Amino acid sequence: MIKLNRRIAAIKHSATLAADARASEMRAAGINVMPLAAGEPDFDTPERIKEAARRALAEGRTHYTPVAGIPELKAAIRFKLKRDNGLDYQLNEILVSAGGKQAEANVINALFDEGDEVIIPTPAWVSFFAMVSLSGASPIPVRCPEEQGFLLDPDQLQRAITPRTRGIILVSPANPTGAVYSAAHLSELAKVLVENDLWVMSDDVYEHIVYDGAVPHLFKIEPRLKQRGVVFNSLSKAYAMTGWRLGFAAGPSEVIAAAARLQSQNSGNPNSITQFAAVEALTGPQDELARMVDEFRARRELVVDRVRRVPGFHLPHKPSGAFYVFPSIRALLGTRFADKRINDGDTFADILLNEAHVALVGGNDFGAPEHVRISYATSRENLNEAFDRLERFVARLVR
Ligand code: GLU
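Before going into details, it helps to say that this report is about the structure given with it. (Residues numbered from 1 in each chain as written. Predicted model: local features only at pLDDT ≥ 70, side-chain atom pairs only at ≥ 80, totals over all residues. Heavy atoms only, no water.)

Over its twelve residues, helix α11 (residues 272–283) extends 17 Å from the first C-alpha to the last, a length consistent with the 16 Å expected when each residue adds 1.5 Å. Among the twelve residues of α11, eleven are classified as buried, and the element is accordingly described as predominantly covered. Taken as a whole, α11 has its buried residues at S272, I273, T274, Q275, F276, A277, A278, V279, E280, A281 and L282. Of the surrounding elements, those touching the buried residues of α11 are α3 (47–58) and α4 (71–85). A side-chain oxygen of the first residue of α11 lies 2.9 Å from the backbone nitrogen of I273; this N-cap is N271. (Helix = DSSP H or I, 4+ residues; strand = E, 2+ residues; numbered from the N terminus. Expected span 1.5 Å × (residues − 1). Buried < 20%, exposed > 50% of the residue type's maximum accessible area, 1.4 Å probe, protein only. Contact = heavy atoms within 4.5 Å. Polar contact = N/O pair within 3.5 Å; in protein donor to acceptor, adjacent residues only side chain to side chain.)

What follows covers the site of the ligand. Close to the ligand lie T16, L17, G39, K101, W125, N175, Y206, K237, Y324 and R373, which account for all nearby residues. Measuring from an oxygen atom of the ligand, one finds a backbone N or O atom of G39 at 3.1 Å. For the ligand, the protein covers 85% of the area, taking 280 Å² as the surface of the free molecule. In terms of residue class, the shell around the ligand is made up of four nonpolar, three polar and three charged. (Near = heavy atom within 4 Å. Areas by Shrake-Rupley, 256 points an atom, 1.4 Å probe, with all protein chains shown as cover. Nonpolar A, V, L, I, M, F, W, Y, C, P; charged D, E, K, R; others polar.)

On the basis of which strands lie adjacent, the open sheet formed by three strands has the order β9-β14-β13 and antiparallel pairing. A single partner strand is all that each edge strand has here, and the edge strands are β9 (324–325) and β13 (361–362). (Pairing = 2+ DSSP bridges.)

For the rest of this paragraph, the subject is the nonpolar core. Formed by 134 residues in total, the largest nonpolar core has its most connected members in L73, M201, F313, F348 and F393. If you tally residues by element for this core, the top one is helix α12 (residues 287–308), at eight residues. In contact with F348, other than residues within four places in its own chain, are F313, I329, L332, I342, V372, L390, F393, V394 and L397. (Core = buried A, V, L, I, M, F, W, Y, C linked by side-chain atoms within 4.5 Å.)

In this fold, P176 is placed in the loop between β5 (165–171) and α8 (183–195). Separated by 161 residues in the primary sequence, P176 and A15 have C-alpha atoms spaced 12 Å apart. When neighbours within four sequence positions are excluded, P176 is seen to be in contact with P123, A124, W125, Y324, V325, F326, F366 and R373.

Before going further, it helps to examine unusual backbone geometry. The residue after S172, namely P173, is reached through a cis peptide bond having omega -10 degrees. Relative to the elements of secondary structure, P173 occurs in the loop between β5 and α8. N175 connects to P176 through a cis peptide bond whose omega is 20 degrees. Phi angles above zero are rare outside glycine, and H357 is one such case at about 60 degrees. Topologically, H357 is positioned in the loop between α13 (345–356) and β12 (358–359).

Attention shifts here to α8. Taking 1.5 Å per residue as the helical rise, α8 with its 13 residues ought to reach 18 Å, and the 18 Å between its terminal C-alpha atoms agrees with that figure. If you check which residues of α8 are buried, you get H185, L186, L189, A190, V192 and L193. In a view along the axis of α8, the buried residues occupy a sector of 165 degrees, so they form one face of it. Looking at α8, the residues exposed on the side facing more than 90 degrees away from the buried face are A184 and E195. Where α8 is buried, its residues touch α7 (154–160), β5, β6 (199–203) and α9 (218–221). Positive backbone phi, approximately 55 degrees, marks D197, located one or two places after α8. (Arc of directions from axis to C-beta.)

This paragraph deals with the sheet that holds strand β7 (residues 229–234). Pairing between the strands of a sheet comes from backbone hydrogen bonds, and it takes one of two forms, parallel or antiparallel. In spatial order, the strands read β2-β8-β7-β6-β5-β3-β4; together these seven strands make up an open sheet with mixed pairing. With one partner strand each, in any of the chains shown, β2 (94–97) and β4 (138–143) form the two edges of the open sheet. On average, adjacent strands in this sheet sit at an angle of 20 degrees to one another, irrespective of strand direction. Both strand β3 (residues 117–122) and β4 contribute to a ladder of six bridges, which runs parallel. By the bridge assignment for β4, P121 is matched with V142. In the packing of helix α10 (residues 253–266) onto the sheet, contacts are made with β2, β6, β7 and β8 (247–250), and the angle to β2 comes to roughly 25 degrees. (Axes fitted to C-alpha atoms, helices over the stretch in contact; angles between N-to-C directions.)

By themselves, these observations are geometric and do not establish any function.
Laid out in structure tokens, this is it:
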């Protein structure tokens, strides 16, 4: 065994990316796999954004850029944060990275340290646990069950806080549950956060994908949190740009400068062509978004209805945002498919993929092993076919 770095040795491959990779491998081998694993829109990047990239290439924008992003893009991000979130940031309070993920990892690394605790309302996106551990701090999952709509209760937050708690990661709409905090709920949480002087990492990646109306930003509801908070966002979901890798963080300049120093040492600037395309994405006409959300809304109806018809699947709340549902499969645990036993969400996902060629993600690495995550960022035709297969699969499970 080669001795690896202790922190790296302790992390697993990202479960979301691994599930998607397995499905892609099977597809490459000629198997018709239904893609309900990937958290990525199935739409194409809008033409106006591609055109901006072509223009940047033709103009030879192929060199290094400033590590934290080109000034035009920082200005576009500043404009977007004002337009969409009502938040004012200066250019030196903005960091552009190769994906929201890199922005989050760099800020978390810059801010937290050994001995710190960071609260993660759970179920949570798989990578947050790893990002916090890699910084040396301890991720503290706080379980928010489906009965409470997967939302963190303010009393629960208060109880989870210790003298070592430095921060919290809040995501709304949430991945993997699609849960959305109301303005009233956010202001209750804000009171506890301000009283305890916690750092708030606000992941707004799914902000536009909401079905029951937009909610004001947490830092708008409680402006004092902006001084102790960082917003994260990405172009991946809103503009169907997952492969381009473009995300950003905005927060106090000292934190942003520290994260940029880290970025300067371990990667450098995000892709130059992508940055020019991102300026167009953020500042050009935004009407593709509404069309995308309309389609997601129709798919949500379809998926919620079909999930609720699968015996053993339980989904009490209709999610208000993102493009995921996170049903419980508790009633199916302990059943078998031939000689294979379903122990948890991960074994369910594994057996389902092999036997019925439907890819989804088990709930284990989201901190909820009795659940599975279904992404409906795929066509209605695929969704219907996937649920037909899923129903036939579940019908063959025996005790
Ligand atoms: N956020 C998406 C997901 O949860 C993308 C994959 C990832 O980076 O985790 O599927």
